[in-house]
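Read off the chains here:
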Amino acid sequence: MTLPGIVSREEWQAAREELLVREKVATRARDALNADRRRLPMVEIDKEYVFEGGDGKATLRDLFEGRQQLVVYHFMFAPEWDAGCRSCSAFVDQIGHLAHLRARGTEFALISRAPYTKILPFKARMGWTLPWYSSYDNDFNDDFQASFETGAGDDGQEPYERPGVSCFLRERERIFHTYSTYARGLDGLGSTTSLLDLTALGRQEEWEKPEGRASALGAPAGSERLRYHDEYED
């Protein structure tokens, strides 16, 4: 195994400061990219999807739980599998407390094609309390490019699935699809801020571009609403 070189504290500090310049450039570039993502147009969802969850049948609107935004993780769990995908499970293990997302008017849910009778015992095994729904009886996975009839295997004919995240915005009774990303686009995601950066309203901070979205929920900017997770009012 090759390890970093050994230097004096002074040499390390000089190298660290040189790297810091590049890190700040990358941070500014990421902020600009996030702003461009928030400038993307959106598509109205006029198809009625019905999912199966812990409380029975639920529509896409129900998944918002009354909030303005919804982040969906496309969890790979095909109907014929006996357990969920290992990499998807590792991703979900790193999701933080949802209270911080919900304080910014954003709900989070997992959606898989497996029937809920398979999802429920696996969810219990993993010890998760995150909302998880089955799209077994609808076209949600196909419509949002998380499942494909062909493409896997040596002959390219086997059905396959891929992990991803899709974001939705609710404006009264209307629902809009604002963003999706898949595979390597999930790298670095899992924290509250990283998930908010994918949404149309972002972190809802005053410094974010485009302007005018920090107070979209009729509340102070995002950082001013930050609390211990047991102090939020739902």
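So, a few notes on the structure that sits alongside this text.

1. A look at the overall build of the protein
Phase 1: From N to C terminus, the protein includes seven helices and ten strands.
Phase 2: Oriented by its inertia axes, the alpha-carbon framework of the protein measures out at about 60 × 50 × 35 Å.
Phase 3: Residue burial in the protein is summarised as follows: out of 234 residues, 45% are buried.
Phase 4: Considering only intrachain contacts with a sequence separation of at least 6, the fraction spanning at least 24 residues in the protein is 60%.
Phase 5: If you sum the accessible surface of the protein, you get close to 13,700 Å²; carbon and sulfur atoms cover 50% of it.
Phase 6: Computing the positive centroid from 30 side-chain charges and the negative centroid from 40, the protein places the two 4 Å apart.

2. Concerning helix H5 (residues 116–126)
Phase 1: Every buried residue of H5 is accounted for by Tyr116, Ile119, Phe122 and Lys123. Angular distribution of buried residues about the axis of H5 spans 130 degrees; they occupy a single face of the element. Facing away from the buried side of H5, by more than 90 degrees, are the exposed residues Thr117, Ala124 and Arg125.
Phase 2: Backbone geometry just after H5 places glycine 127 at a positive phi near 75 degrees.

3. Details of the packing of aromatic side chains
Phase 1: Enumeration according to the criterion identifies 16 aromatic pairs in this entry.
Phase 2: Seen in terms of ring centroids, phenylalanine 75 and tryptophan 128 are 5.9 Å apart; in terms of plane orientation they differ by 65 degrees. Their pairing is edge-to-face. With phenylalanine 75 in the loop between strand S4 (69–74) and helix H3 (86–93) and tryptophan 128 in the loop between H5 and strand S6 (132–134), this pair connects stretches of sequence that are 53 residues apart. As far as the burial class goes, phenylalanine 75 and tryptophan 128 line up, both buried.
Phase 3: Aromatic side chains phenylalanine 122 and tryptophan 132 sit 6.3 Å apart centroid to centroid with 70 degrees between the ring planes, which places their arrangement in the edge-to-face category. With phenylalanine 122 in helix H5 and tryptophan 132 in strand S6, this pair connects stretches of sequence that are ten residues apart.
Phase 4: An aromatic cluster is present here, built from Tyr73, Phe75, Phe77, Phe91, Phe122, Trp128 and Trp132 joined pairwise through their rings.
Phase 5: The side chain of arginine 9 reaches across the aromatic face of tryptophan 12, ending 5.2 Å from its centre.

4. Some words on the pattern of salt bridges
Phase 1: Summed over the entire model, instances satisfying the criterion amount to 16 salt bridges.
Phase 2: Several salt bridges converge on common partners, so that one network encompasses Lys47, Asp139 and Asp143.

5. Quick look at empty space enclosed by the protein
Phase 1: This model, assessed by the stated rule, comprises one cavity of 30 Å³ or more.
Phase 2: What lines the largest cavity is simply Asp31, Asn34, Arg38, Asp197, Arg203, Trp207 and Glu208.
Phase 3: Of the residues belonging to the lining of the largest cavity, the class tally is one nonpolar, one polar and five charged.

6. Focus on the nonpolar core
Phase 1: By size, the foremost hydrophobic cluster in this structure holds 29 residues, and its most contacted members are Tyr73, Phe75, Val92, Phe108, Trp132 and Val165.
Phase 2: Going through the elements one at a time, S4, H3, strand S5 (106–112), H5, strand S9 (164–171) and helix H7 (192–196) are the ones with two or more residues in this core.
Phase 3: Beyond its immediate stretch of four places on either side in the chain, tryptophan 132 contacts Glu52, Gly53, Phe75, Phe77, Leu110, Ile111, Ser112, Tyr116, Ile119, Phe122 and Lys123.
Phase 4: By size, the runner-up hydrophobic cluster in this structure holds 16 residues, among which are Ile45, Tyr49, Ala58 and Ala109.

7. Here we look at unusual backbone geometry
Phase 1: Of note, the bond from lysine 209 into proline 210 is cis; its omega dihedral lies within 30 degrees of zero at -10 degrees.
Phase 2: Looking at the secondary structure, you find proline 210 in the segment after H7.
Phase 3: Phi is positive for glutamine 204, which is not a glycine, with a value near 60 degrees.
Phase 4: Note that glutamine 204 resides in the segment after H7.

8. Description of H3
Helical geometry note: an α-helix holds 3.6 residues per turn, so side chains three or four residues apart project in the same direction.
Phase 1: The complete set of buried residues in H3 reads Cys88, Ser89, Phe91 and Val92. Here the buried residues of H3 occupy an arc of 160 degrees about the axis, which is enough to place them on one side. Turned more than 90 degrees away from the buried face of H3, the exposed residues are Arg86 and Asp93.
Phase 2: In this structure, the buried residues of H3 make contact with S4, S5 and H5.

Basis of the calculations
- Residues numbered from 1 in each chain as written.
- Predicted model: local features only at pLDDT ≥ 70, side-chain atom pairs only at ≥ 80, totals over all residues.
- Heavy atoms only, no water.
- Helix = DSSP H or I, 4+ residues; strand = E, 2+ residues; numbered from the N terminus.
- Buried < 20%, exposed > 50% of the residue type's maximum accessible area, 1.4 Å probe, protein only.
- Contact = heavy atoms within 4.5 Å.
- Areas by Shrake-Rupley, 256 points an atom, 1.4 Å probe, with all protein chains shown as cover.
- Lys, Arg positive; Asp, Glu negative; His and termini not counted.
- Charge placed at Lys NZ, Arg CZ, Asp CG, Glu CD.
- Arc of directions from axis to C-beta.
- Phe/Tyr/Trp six-rings, centres within 6.5 Å; stacked < 30°, edge-to-face > 60°.
- Lys NZ or Arg CZ within 6 Å of the ring centre and 35° of its normal.
- Salt bridge = Lys/Arg side-chain N within 4 Å of Asp/Glu carboxyl O.
- 1 Å grid on protein atoms, 1.4 Å probe; cavity = no way out; pocket = protein on both sides within 12 Å on 5 of 7 lines; lining within 4 Å.
- Points joined across faces, edges and corners; volume = space filled by probe spheres on them.
- Nonpolar A, V, L, I, M, F, W, Y, C, P; charged D, E, K, R; others polar.
- Core = buried A, V, L, I, M, F, W, Y, C linked by side-chain atoms within 4.5 Å.

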